[in-house]
Amino acid sequence: MPEKPIIRGLNCPQCAGALEIEAGRAVVNCPFCGVSSLLDGEKGVLRLQVRPTVGQEQVEAMVRRFFLRWDRDPDLEREAAIRECFVVYVPYWRVSMRAAAWLAGRNVGEDSDDPAEKTIVEDSVWTVAAYNASQFGLQELKGLQGRELEPFDREALRQHALVFEPETSGARASEQAELAFRQAAHRQSGVTSTLFQRFLFFGKRLSLVYYPLWVARYTFRGRSYQVVVDDHRVVYGQAPGNPTWRAAILVLAVLVGATLPLDFLMGWSWMVANEPLSLGFDLRLVESGLACGVYYATTWAVAWLSVSILLAGYRFFRFGGERILGARRKLPLQALWPTLAWGLGLVPCMILALAFPWRLEILLPTYALVSAASLGLGLLVRRRSRANGARPEVDWFQQPDWLWKAQPADSAPDDQPTLKPLHCPNCQTPLSAREGEAAYLCQGCGWGLELVEEGLRRIEVAFTESLLHPRVEVAQHLPFWVFEATVQVEKRKAVEKHLLGKEKASTDHGQFWQAPRQIYVPAFDAPIEDLKAWGMDLTRMQLDLSPGDSERLEGCVYTEAEARELAELIFLAIEFDKPDVMQEIDYTLTLTSPRLVVIPFVGVSK
Amino acid sequence: MNRTKTQPIFQCTQCGADLDIPAGAVFVTCSHCASTLYLDRSQVVFHYTVARTLDAEAAGRTLRRWLAGGEKAKDLDREAEIETPVLRYFPLWRFKVREGEDERFHVEPAAVTTLGLLDGLPIPPGELRCYDPRLAPYLVRPTVPHEAVSRWQNVRETALVHVPLFFFQYRYRGQTYPVAVDGSSGQVFAETYPRRWDLPYRGVAVFAFALLTLVALAAYLLVSPGSEDLGLVYALRCGVQLLAAGLLFFLARQVARKM
């Protein structure tokens, strides 16, 4: 097997001219001969950068304001000296994608049980730190939409800033983005008991965004502290605490924590036994099991509240010597175990309290047993041994520099990038391709060509007569993927709601899909809401357009594979758009004879 | 074994100019002829250092702040005798591994150390720079070959990353404690340190709780059932509690300041 080169020039395969290749792009155009080439294999990730919006003076002013907060040492403003202030560019994974969710089922509330369905379609952007953000306080970027993204220029940035490298996986960020959308969809949907759910993700693009953060370091009484500033706010900051506030908060917490349970017990004695301000009341005077249950529940709530206030006050007093803003404090699950189990102990006690009112001889041992068991389990989980195996001590290294690794050639990856010139497979005419576009017409022979990962593939392209549509304002040619769709609806359960709240099974069992239909999938770039509306409109109309003059094909951004996903989106959108409330749907969608149809639209405005 | 071969720099395949290989990038642009080149990173072991942002003095101040933290002994930052630190670049192996569609980073120590505090040391966030031979006197030599720790298939990139660490020792009450301060992010690594005595804090909190509970309880016990002076007793109780709270505040502030 020939050895693969370690470094290889990527020149134009047509004219050998030097090319400028941007990582993450699939199509490269030669500036000399004009031939487009497809980059096959490893492409890297598109890198972008964000310009800082604040200067050093503003950052220092923000740090000064940070000193003034109530829980900081009062001498901080006067004595602290800002020693240094510099910019770091930290990497974030940016996942932009088009996502759709359909959820159907019931919305079960305290005294309601209603049918519910929800369609969510959105162009979502998710940005998550690609480095260890614990000392920088900014795990996710939320307001990136308003900031301009520029191509990444490492050398220019290095003139005045430090540039960090990503240390986490992009695929992981991509999974997180999908998961975040799923969770948000469930939260928004109002469907508490899900009978049907479907999620579609397409057009996913992964890029790295280098985001500027200001790091300021100041000294106070011989100690050094760090503050991180983003845009116009402090996102992470260490500062010495204020002893006056620490003492005040402790005393306040103890005052509330000590008085609240006592006053609560006295209040109960007055309400239940009608003996004001007496500790010697006899709760057994009340025989109602319900009152007993309520008594237990409220006592527990007050006990929890008081203990929480006491602990929080003590923690602030004990550890408030240093305040840390924005640190991601990971509360380990193990630490929560005893508390969680203690809370769970309440459940059997409540049930027992209802069954055996005031039988403290049953209730107290039960709770003690549950608490002890859970505490034991919690401590067991907490005790995690960190085994670290011994490592061999080999002294084989010489002065390490750039190091070459002797590696068998066959273990080198087989996705080294290569440039393939794009020629029409029929007439060999070179194709002028544009990044992001998926379909073209050959200038030589008129063949329709689809650009997929493997190269160019012939597709059927049709042009129709012009059409007037209210969505189009100015005349334009819009491409659509059209599929012959056969839908087998195995099960469709939906209900209609009447004014009086009674439910009736819906009579629509998907008649629309009983005959084979043409699904129109927009192939041009538009917000996902518009794509959905276009697809639903044209599919419902089942147009029968006569062939028109052959025109040019432009702006087709979806491949046939992506269009298949979008076809399902349109099918589900039509089904969920019906006036009944969807409960469950089971279907098989078969899409055949795909073709790209270009419809010239006549604009409605002048 | 043909294990190492020193090659200071890569050359452009087009014009032969020396190339500067930035960390992370798949494509390299020749600064001389503007050609784009592809570097197969799986066949090379890179040698980087994490850029240092702290000097010895600043690292000392960072350590002082850490020593003054709430969990450390109360006078630790004042009493500890800190020795002059030693700057050492500690080696770590960083593997970028392709697992299906996913790419993951794994970090393993590249030198054996008796300091348990460096176990599980992550590569701190910082700028990765190509190794500069001028740093040679400060390097901790790697003693663990990457083959010994690499247990993954499909390693796409192997890098030796030297992390700047200031190794300090401080003496406190006759004992010597080792500690390392990361010269890039200022993170402090320590295995053991003298812990703070909790008793004064707990004492103040328990005393405050007992006193305030007692005041409230006394009010309830003193008043007879069905008494008409309910409002008066309640107001009196609140007054006494506030007075006690005031005294406790001064006590607690004293503890917060001195401890």
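Residues numbered from 1 in each chain as written. Chains lettered and ligands numbered in written order. Predicted model: local features only at pLDDT ≥ 70, side-chain atom pairs only at ≥ 80, totals over all residues. Heavy atoms only, no water.

Visitor: I keep staring at the packing of helix α10 (residues 528–541) of chain A against helix α11 (residues 560–577) of chain A and nothing clicks. Help me out?
Guide: Describing two packed helices takes the angle between their axes plus the distance from one axis to the other. Residues and elements named next belong to chain A. Contact pair α10 / α11: the axes reach a minimum separation of 9 Å and the direction vectors enclose 75 degrees. When the axes of α10 and α11 are compared, the pair comes out roughly perpendicular. On the side of α10, the interface is formed by Ile-528, Lys-532, Gly-535, Met-536, Thr-539 and Arg-540, while α11 contributes Leu-569, Ile-570, Ala-573, Ile-574 and Asp-577. Among the residues making up the contact of α10 with α11, the classes are represented as 6 nonpolar, 2 polar and 3 charged. (Axes fitted to C-alpha atoms, helices over the stretch in contact; angles between N-to-C directions. Helix = DSSP H or I, 4+ residues; strand = E, 2+ residues; numbered from the N terminus. Parallel < 35°, antiparallel > 145°, perpendicular 65-115°, else oblique. Contact = heavy atoms within 4.5 Å. Nonpolar A, V, L, I, M, F, W, Y, C, P; charged D, E, K, R; others polar.)

Visitor: How do you make sense of empty space enclosed by the protein when you look at a structure like this?
Guide: Remark: the empty space left among the atoms is shown by a probe the size of a water molecule rolled over them. Considering all chains together, one arrives at 5 cavities of 30 Å³ or more under this definition. Each pocket or cavity is described by its volume, and for the largest cavity that value is around 100 Å³. Broken down by secondary-structure element, the contributors of at least two residues to the lining of the largest cavity are β4 (36–39) and β10 (155–172) of chain B. Of the residues assigned to the lining of the largest cavity, the class counts are 3 nonpolar, 1 polar and 7 charged. Surrounding the second largest cavity, 13 residues form its lining, A:Phe86, A:Phe136, A:Phe164, A:Arg217 and B:Ser184 being those nearest its centre. If you list the elements that add at least two residues to the lining of the second largest cavity, you get β5 (81–108) and β9 (193–220) of chain A. Across the lining of the second largest cavity, the residue classes break down as 7 nonpolar, 5 polar and 1 charged. (1 Å grid on protein atoms, 1.4 Å probe; cavity = no way out; pocket = protein on both sides within 12 Å on 5 of 7 lines; lining within 4 Å. Points joined across faces, edges and corners; volume = space filled by probe spheres on them.)

Visitor: Would you mind going over the nonpolar core with me for this structure?
Guide: A general trend in soluble globular proteins is that nonpolar side chains are found buried together. Residues and elements named next belong to chain A. By size, the foremost hydrophobic cluster in this structure holds 59 residues, and its most contacted members are Phe-480, Trp-481, Val-521, Leu-569, Leu-596 and Ile-599. The element best represented in this core is α11, accounting for 10 residues. By size, the runner-up hydrophobic cluster in this structure holds 44 residues, among which are Val-63, Trp-93, Leu-157 and Trp-214. (Core = buried A, V, L, I, M, F, W, Y, C linked by side-chain atoms within 4.5 Å. Buried < 20%, exposed > 50% of the residue type's maximum accessible area, 1.4 Å probe, protein only.)

Visitor: Can you help me understand the side chain of A:Arg492 in this one?
Guide: Residue and element names in this part refer to chain A. Assignment of secondary structure puts Arg-492 in strand β20 (residues 476–497). Only 2.6 Å separates the side chain of Arg-492 from the side chain of Glu-575, close enough to count as a polar contact. One polar contact links Arg-492 to Asp-580, side chain to side chain, over a distance of 3.0 Å. (Polar contact = N/O pair within 3.5 Å; in protein donor to acceptor, adjacent residues only side chain to side chain.)

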